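# Working through the structure, step by step
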Amino acid sequence: MSEYHYEYTACDSTGSRWRVAVPHTPGLCTSLPDPVKGTECSFSCKAGEFLDMKDQSCKPCAEGRYSLGTGIRFDEWDELPHGFASLSANMEIEDSTLESTENCTSSKWVPLGDYIASNTDECTATLMYAVNLKQSGTVNFEYYYPDSSIIFEFFVQNDQCQPNADDSRWMKTTEKGWEFHSVELNRGNNVLYWRTTAFSVWSKVSKPVLVRNIAITGVAYTSECFPCKPGTYADQQGSSSCKLCPANFYSNKGETSCHQCDPDKYSEKGSSTCKPRPACTDKDYFYTHTACDAKGETQLMYKWAQPKICSEDLEGAVKLPASGLKTHCPPCNPGFFKTNSSTCEACPYGSYSNGSDCSHCPAGTEPAVGFEYKWWNTLPTNMETTVLSGINFEYKGMTGWEVASDHIYSAVGASDNDFMILTLVVPGFRPPQSVMADTENKEVARITFVFETICSVNCELYFMVGVNSRTNSPVETWKGSKGKQSYTYIIEENATMSFTWAFQRTTFHETGRKYTNDVAKIYSINVTNVMDGVASYCRPCALEASDMGSSCTSCPAGYYIDRDSGTCHSCPPNTILKAHQPYGAQACMPCGPGTKSNKIHSLCYNDCTFSVSTSTRTFEYNFLALENTVSLAGGPSFTSKGLKYFHHFTLSLCGNQGKKMSVCTDNVTDLRIPEGESGFSKPITAYVCQAVIIPPEVTGYKAGVSSQPVSLADRLIGVTTDMTLDGITSPAELFHPESLGIPDVIFFYRSNDVTQSCSSGRSTTIRVRCSPLKPAPGSLSLPSTCSDGTCDGCNFHFLWESMAACPLCSTADYHAIVSSCVAGIQKTTYVWREPKLCSGGISLPEQRVTICKTIDFWLKVGISAGTCTAILLTVLTCYFWKKNQKLEYKYSKLVMNATLKDCDLPAADSCAIMEGEDVEDDLIFTSKKSLFGKIKSFTSKRTPDGFDSVPLKTSSGGPDMDL
């Protein structure tokens, strides 16, 4: 054995190097060969060769060994290979606490023998490998990536810690088993990163990403070949890889061929040892039915489950039961007929069958094409079955489901954790013409199946849908035993669709068959409106006259078919047509309150207006200021590992003539799809939708991660002020009470999605409330008792407060204020009643100005009139006082004269008032016929001879006497 080996020195600036001998034990050997000039630094051998350092030439690898030429391969993962590092971190770097970091310590990539598996929680796990390349090379590996709720990225950093191009960073989910990925590497230092983070924060645990067979080229020369690992062999010189041993064979390290196991032992493909065969039990076989023979009979047969690993010769082993008696074949499926050879063939277009003979559709009807499978004698031609290993996730050429007359059931796999897969492929659909005209209700067809699961452990049945041969996306999962039930999935896209059922008995990694009695059964599968499908019945159609008689035609959108006459009739206003059953006037369903139908009678919508009458007045609303979409996030939630996330809602109140405006995306998937391509996980469009958002400050990505979009509102049921509509209730107690006396307007919606927890679909109510202090768009809030918008997971409630939610202003909302009269002008001003509880509508009338008499004018008039009245009264008072004086004087004289007896009067006096006696007295009054003179003349009583008449009383008490 040599005491030294050869190595090359580091390359100098000219690209040359020297070959030197290096002793195994430094200092023990003195007579070493002299250094010689080495090969150029860029020199390398081909794959399957190694560089013989003795003569510096490439030589082929011996049998049982392999070489990559300038590379290394990692294909054994019993432990983490030298040079690899597995790191874990909580995604929330800035706010991470010691506790949450500790929560993630165990979330790493785990070696599991043939491959290494990623974490499945919301921590970020990174697998790293640093390598120095002497020349540009490649890194390639195989990966299995079935679950889109995990972000899986692979990228390379160079000397300057710069990552490679972003577009190849995001890995695409694998479609069928393992896929190959290769990336070019530059010369120099390269750090390879495999990084995963799961975003399934609701319930289900994500399936891990698996990586195996990592190969890196461009590393350096290879001075020796590597031996083949156990379970593989290389039977030729110059091999660049080793082959796997077939089943029931094994090999040790560096073998040139595989050895067969003893008869009482078995092995799986690529095994390094053989295992003893167990005794056969009833779990190692299953039953099936033979195809119908010429006599129309089938036979119950028993078969050993493949691969057969049990032994029938051991003590206690069971034998394969004898075949059963022949029985009559089940009928053909609807739309098929039985041929002379007892096989089933499809009826020609224009006819139908119930599984026996084909009949032509009567006049005025057309076949309702689809597929209805309810009898299982043979697997239909558009269905296939296989098995996906739950150990190495490779597809096996085995039958996963077996037919059994009235059902099809999951067969026995090699191991209980295998996935038993059944796939139905539909090339496309032929929906009714009226459905194609409707752009909002996207129901093209529907698939309904009846199934049952019988399980003793944690079995799972997956239902997946693939579009245009893209990845299957899980739609629904059932865990554990489920009684016989049906499930319907609505197809919204006219494309080639694949429907896949996968049944896994247990997720445990132990191999073997313990739970083969756990089974999934599918009784019937019914797909409607299938292109090139068959018909089990004929439906009425609209008739069109032609030279050949009458033929079927399509009614225009929004028209129903009269069953009797075959004519098309338009639905009445504000009704919608059941497009998949447009027969008779009863197919036109009335719209809910506050809504009206679109032109083609396909949906009811609200045009952002509403009117409601109370006992005192009518409220008119206009919500156009609220028609744009708005977003709302619930309070932060945290997973068990401390990852912060939000439930993010997007709402559009009245849409655009029924066009749903809210969009929720799944950019976990979008990150991996190049621009211009659309995957199955396209955005969800609805009136209201919800997504789980992990904000960018948490993820470290440029944008926040949005995942698991869900539609909460696909159809507007109605708009009303009542709390209940069509079985949906918006409890008032969920929100703080309304205090202004304006009724809340409630929008009621339903979604089309039916889930196990929401058997009648989800519903949503948006309570729109007048709030004068919140200008449009206002504010949205969630129920205080249910922070995620729902208390039961199915019924969601929102409160939208805004000034724009107040009723339109009317004459009842303002009053007039009249000003005083200023400078002959009076103003009438109109002001809103406080608080103002209306928005928009009529405007306040302009200020009204009127001419008026001011208070100064009337004061002057009053003073003048008062003054004149006072003067007149004074004059009259003076006049009557003077008149009274004169009368007193005359009266006293008469009295004095009357007392004289026997008329003994002085000669100069007279009992009469002689003419001219009062001339002096009256002079002032009679000099001019004035107003007072007129009054005097009017008031004076005169006798016809011009004398005043004065009554006198005699002293004797006789009668009065006029003189």
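Calculation criteria
- As a convention, each chain's residues are numbered from 1 in the sequence order in which they are written.
- For this predicted model, a pLDDT threshold of at least 70 governs which residues receive local features, and a threshold of 80 or more governs which side-chain atom pairs are given and counted, while totals over whole chains, interfaces and linings are taken from all residues.
- By convention in this description, side-chain values take in all heavy atoms of the structure and omit both hydrogens and water.
- UniProt positions are given in the numbering used here, feature names are shortened, and annotations may be inferred rather than shown by experiment.
- Numbering of helices and strands runs from the N terminus, with a helix taken as a DSSP run of H or I at least four residues long and a strand as a DSSP run of E at least two residues long.
- Throughout this description, buried means an accessible area under 20% of the type-specific maximum (1.4 Å probe, protein chains only), exposed means over 50%, and partly exposed covers the range between.
- For the purposes of this analysis, a disulfide is any pair of cysteine sulfur atoms at a distance within 2.5 Å.
- Two strands pair if DSSP finds at least two bridges between them.
- Lines are fitted to the C-alpha atoms to define the axes, a helix being fitted only along its stretch in contact, and any angle between axes, read from their N-to-C directions, falls within 0 to 180 degrees.
- One speaks of a salt bridge when a side-chain nitrogen belonging to Lys or Arg is within 4 Å of a carboxyl oxygen belonging to Asp or Glu.
- As a per-residue measure, pLDDT reflects the predictor's confidence and takes values from 0 up to 100.
- The contact criterion used throughout is that any non-hydrogen atoms of two residues lie within 4.5 Å.
- What counts as a ring pair is set by centres within 6.5 Å for rings of Phe, Tyr and Trp (its six-membered ring), and what kind of pair is set by the plane angle: stacked under 30 degrees, edge-to-face over 60, tilted for all other angles.
- Sitting over a ring, as applied to charges here, requires NZ of Lys or CZ of Arg to be within 6 Å of the ring centre and within 35 degrees of the ring normal.
- For the purposes of these results, a polar contact is taken to be a pair of N or O atoms within 3.5 Å, where, inside protein, one atom must be able to donate a hydrogen and its partner to accept one; residues adjacent in sequence count only when each atom of the pair is a side-chain atom.

Per an unreviewed UniProt entry, the protein goes by the name MRH domain-containing protein and belongs to Cervus elaphus hippelaphus. Looking at the Subcellular location (unreviewed entry) heading of the UniProt record, one finds this comment for the protein: "Cell membrane". Word for word, the UniProt comment on the protein under Sequence similarities (unreviewed entry) is "Belongs to the ELAPOR family."

## Describing the overall build of the protein
Each helix and strand counted, the protein has 7 helices and 72 strands in total. Split into buried and exposed, the 963 residues of the protein put 43% on the buried side.

## Points about the state of the cysteines
On inspection of all chains with the given rule, the structure shows 21 disulfides. Between the sulfur atoms of C245 and its disulfide partner C258 the distance amounts to 2.0 Å. The S-S bond linking C245 to C258 shows a torsion near -85°; that makes this disulfide left-handed. Remark: C258 occurs in the loop between β20 (249-250) and β21 (259-260) and C245 occurs in the loop between β19 (243-244) and β20; sequence separation between them is 13 residues. Each member of the pair, C245 as well as C258, carries the same accessibility label: buried.

## Points about the sheet that holds strand β66 (residues 779-781)
Strand order in the open sheet formed by 5 strands is β61-β64-β65-β67-β66, with mixed pairing between adjacent strands. Of all strands in the sheet, those with a lone pairing partner are β61 (715-720) and β66, marking the two edges. Across the sheet, the mean angle separating the axes of adjacent strands is 20° when strand polarity is ignored. Where strand β64 (residues 745-750) and strand β65 (residues 763-770) come together, 6 bridges link them in antiparallel fashion. If you follow Y749 over to β65, its bridge partner there is T764.

## With respect to the pattern of salt bridges
With the rule as written, the count across this model stands at 18 salt bridges. We note a salt bridge from E366 to R539, for which the minimum N-O separation is 3.5 Å. On the criterion of sequence distance, the pair formed by E366 in strand β31 (residues 365-373) and R539 in strand β43 (residues 534-540) is long-range, its members being 173 residues apart. What makes E366 partly exposed here is its relative accessible area of 25%. Among the charged side chains, a salt-bridge network with shared partners connects D52, D55 and K59.

## Thoughts on the confidence of the model for the protein
For the protein, mean pLDDT is 81; residues scoring 70 or higher make up 84% of the total. Within the model, the stretch residues 952-963 combines pLDDT values under 50 with 14 contacts to residues more than four positions away or in other chains.

## Focus: the packing of aromatic side chains
With the rule as written, the count across this model stands at 42 aromatic pairs. Geometrically, the ring pair formed by F449 and W478 is edge-to-face, given 6.1 Å between the ring centres and 85° between the ring planes. Of the two residues, F449 sits in strand β37 (residues 445-454) while W478 sits in strand β39 (residues 473-479), which places them 29 residues apart along the sequence. Overall, the relative accessible area of 0% leaves F449 in the buried class. Grouped by ring-pair contacts, the aromatic residues F74, W77, F84, W109, Y129, F141, Y143, Y145, F152, F154 and W194 constitute a single cluster. Over the ring of W18 we find K37, and its NZ or CZ is 5.7 Å from the ring centre. Lying across the ring of W304, K308 places its NZ or CZ 4.7 Å from the centre.

## Concerning the side chain of R212
Structurally, R212 is set in strand β16 (residues 210-217). The buried category is assigned to R212, whose relative accessible area is 12%. With near-sequence residues (within four places) excluded, R212 lies in contact with W77, D114, Y115, F141, E142, W178, N392 and E394.

## Some thoughts on the pairing of strand β11 (residues 124-133)
Across a regular strand the side chains alternate sides, sitting on one face of the sheet and then on the other. Where burial is concerned, most of β11 is hidden: 8 out of the 10 residues are buried. In terms of strand pairing, strand β8 (residues 84-89) meets β11 through 6 bridges, oriented antiparallel. When the sheet's bridge partners are listed, S86 is paired in β11 with L127. Inspection of the sheet shows β11 paired to strand β15 (residues 188-198) by 10 bridges, in the antiparallel sense.

## Some remarks on the sheet that holds strand β68 (residues 814-818)
Spatially, 3 strands are ordered β68-β69-β70 in an open sheet, and the strand pairing comes out antiparallel. Each end of this open sheet is capped by a strand with a single partner; those strands are β68 and β70 (848-851). The mean inter-strand angle of the sheet, taken between neighbouring strand axes irrespective of direction, is 25°. Relative to strand β69 (residues 825-832), β68 runs antiparallel, the two being bridged by 5 bridges. For Y814, the partnering residue across the bridge sits in β69 and is W832.

## Some thoughts on the side chain of R17
Among the structural elements, R17 can be located in the loop between β1 (4-8) and β2 (18-23). Judged by relative accessible area, R17 falls into the buried class, the value being 7%. At 2.9 Å, the side chain of R17 and the side chain of T39 are in polar contact. Each residue touching R17, except ones within four places of it in the same chain, is listed here: Y8, T9, A10, C11, K37, G38, T39, E40, C41, F43 and Y221.

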